[in-house]
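Single-letter residue listing:
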Amino acid sequence: MGLALPLATAALMLAWVPHVTCARSSSHVLPRCLSNSSSHILVSYKVDPSSSSSSKKMADCSDDFRTNFLRVLQSRRKILEVPPTVEHGNPTADPLYQNKKPLPSKMAMETCPRKEVEGLQEKLVEENLYLITEEGEQGRLPVLILSLKDDAHKRKPAIVFLHSSYMCKEWLRPLLEAYASWGYVSIAIDSRYHGERAHTNTTYVDALVSAWRMGDTMPFIFDTVWDLIKLADYLVERDDIDPAQIGITGESLGGMHAWFAAAADARYSVAVPIIGIQGFRWAIDNDKWQARADSIKPLFEAARLDLGKGAIDKEVVEKVWDRIAPGLDSEFDSPYSVPAIAPRPLLVLNGADDPRCPLSGLKTPEERTSAAYKSFGSADKFKLIAEPGIGHQMTSSMVKEASDWFDRFL
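Going by the annotation in an unreviewed UniProt entry, the name recorded for the chain is Alpha/beta-Hydrolases superfamily protein, with Rhynchospora pubera given as the source organism.

**Q** Where do I start with the pattern of salt bridges in this structure?
**A** As a working rule, side chains carrying opposite charge can pair if their charged atoms are close by. Under the criterion given, the structure shown has 27 salt bridges. Notably, a salt bridge pairs Lys309 with Glu315, separated by 2.6 Å at the nearest N-O pair. A relative accessible area of 23% places Lys309 in the partly exposed class. A relative accessible area of 35% places Glu315 in the partly exposed class. Salt bridges sharing partners connect three or more residues here, namely Arg77, Glu134, Arg192, Arg197, Asp223 and Asp227.

**Q** Help me understand the environment of Ile274, please; the structure alone is not making it clear to me.
**A** On the secondary structure map, Ile274 appears in strand S8 (residues 270–274). For the pair Ile274 and Gly254, spaced 20 residues apart in sequence, the C-alpha separation works out to 7.9 Å. In this structure Ile274 touches Thr249, Gly250, Glu251, Ser252, Gly255, Leu349, Met394, Met398 and Ala402, once residues within four positions along its chain are discounted.

**Q** I would appreciate a short explanation of the side chain of Asp190 in the present structure.
**A** Mapped onto the fold, Asp190 is located in the loop between strand S6 (185–189) and helix H5 (203–214). Residue classification places Asp190 among the buried residues on the basis of a relative accessible area of 0%. Within the structure, the side chain of Asp190 is placed 2.9 Å from the backbone nitrogen of Glu196, a separation counted as a polar contact. Sequence-distant contacts of Asp190, defined by excluding residues within four places in its chain, comprise Leu141, Pro142, His163, Cys168, Lys169, Glu170, Gly195, Glu196 and Arg197.

**Q** How should unusual backbone geometry be read in this particular structure?
**A** Glycine aside, residues mostly have negative phi, and peptide bonds are mostly found in the trans state. In this structure, Pro343 follows Ala342 across a cis peptide bond, with omega equal to 5 degrees. When you line up the elements, Pro343 lands in the loop between helix H12 (334–337) and strand S9 (346–351). One non-glycine residue, Ile221, adopts positive backbone phi at about 75 degrees. With respect to the secondary-structure elements, Ile221 resides in the loop between H5 and helix H6 (222–235). The class for Ile221 is buried, based on a relative accessible area of 0%. Positive phi values are uncommon outside glycine, yet Ile275 reaches one of about 40 degrees. Considering the arrangement of structural elements, one finds Ile275 in the loop between S8 and helix H8 (280–285).

**Q** Where do I start with the pairing of strand S10 (residues 382–387) in this structure?
**A** Moving residue by residue along a regular strand, the side chains alternate between the two faces of the sheet. One ladder, built from 6 bridges, connects S9 with S10; its direction is parallel. Pairing of Gly351 across the sheet is with Glu387, part of S10. At this point the chain moves from S9, through helix H13 (residues 363–375), to the parallel S10, and the crossover so formed is right-handed.

Scoring rules and cut-offs
- Residues numbered from 1 in each chain as written.
- Predicted model: local features only at pLDDT ≥ 70, side-chain atom pairs only at ≥ 80, totals over all residues.
- Heavy atoms only, no water.
- Salt bridge = Lys/Arg side-chain N within 4 Å of Asp/Glu carboxyl O.
- Buried < 20%, exposed > 50% of the residue type's maximum accessible area, 1.4 Å probe, protein only.
- Helix = DSSP H or I, 4+ residues; strand = E, 2+ residues; numbered from the N terminus.
- Contact = heavy atoms within 4.5 Å.
- Polar contact = N/O pair within 3.5 Å; in protein donor to acceptor, adjacent residues only side chain to side chain.
- Pairing = 2+ DSSP bridges.
- Right-handed = clockwise from strand over helix to strand, strands pointing away.

Printed below as a string of structure tokens:
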């Protein structure tokens, strides 16, 4: 039986609009608020009325980004508002890992700092539930929450953890337990077409191909960001969570989810995307798109065939992004979306040799994001660390850096 709760509707939600296709050119498309302005004047937040005109322009730019991004998210919802319902669930006995045999090592996650708590396993409170985010099977969001028993019933900081491609929320349990030991409320979800939202070993790639051919869903990044906005609606209403202290992090695909969710929804007050942030347009313009395309190759092969191409090329990549994630390589790309997180604390963790997230493609996003944080007097709240010699891999040092960042700002 579903339990109806008074969930707060995201303040920036807009009226339904039809299918959206975002404009693009061979270079980054500037948001409307940036036209005729310096390329460093980007983003982002509420400002004091007495602040400078440049700060006001940045606030306008941030509003434009969120408005346009939410419009795209809404463009493929049949019904925008569904009853705010939470359904009770049970632990998943046999989690589904797609395309992962054998499973990768959990070593990096298992090195996450833990507080010595006697009888930790007995003191952990586990909740399994489903949050209804929209109509249809994929609108049923599986949520796993771990926290320590608390007789004082105080509000605590919370962190949302997001898994990588083909994995599931249960994979993240070492991180959930580690953070719970320090008093955080630890939350994980199954992203679209993963975990409990998948039924076969190819559910995710099948959904990507279907989105390319039908144009009715956005399974790559965007649909899960919709879920994360709805998740924030739920979390801020919980009695055990401080609504001003909700962090978000993730690895690879989960890092992309964390990046876009933080850009779209300011209720995520601290963000740590791990091996997720990249320049989609930069990769196309500099012929560095291959590693990203290879990570979901069946999608691009299907598009190649449908377009009558002999090989996957730049045009195929552009058309795929336009179809399944409109604006991903233009107005919502990292040079425009990452600065929108300012001035909330943001730590970007990447491998210096990551072919999916080439470091050279982060030069402009880093410069613009640094400028945004400096304009708010918050330069210390943004940091990018590219670990030398590391490719597309979350390392123990990244896990430690993330832990330290959350401890510092949450």
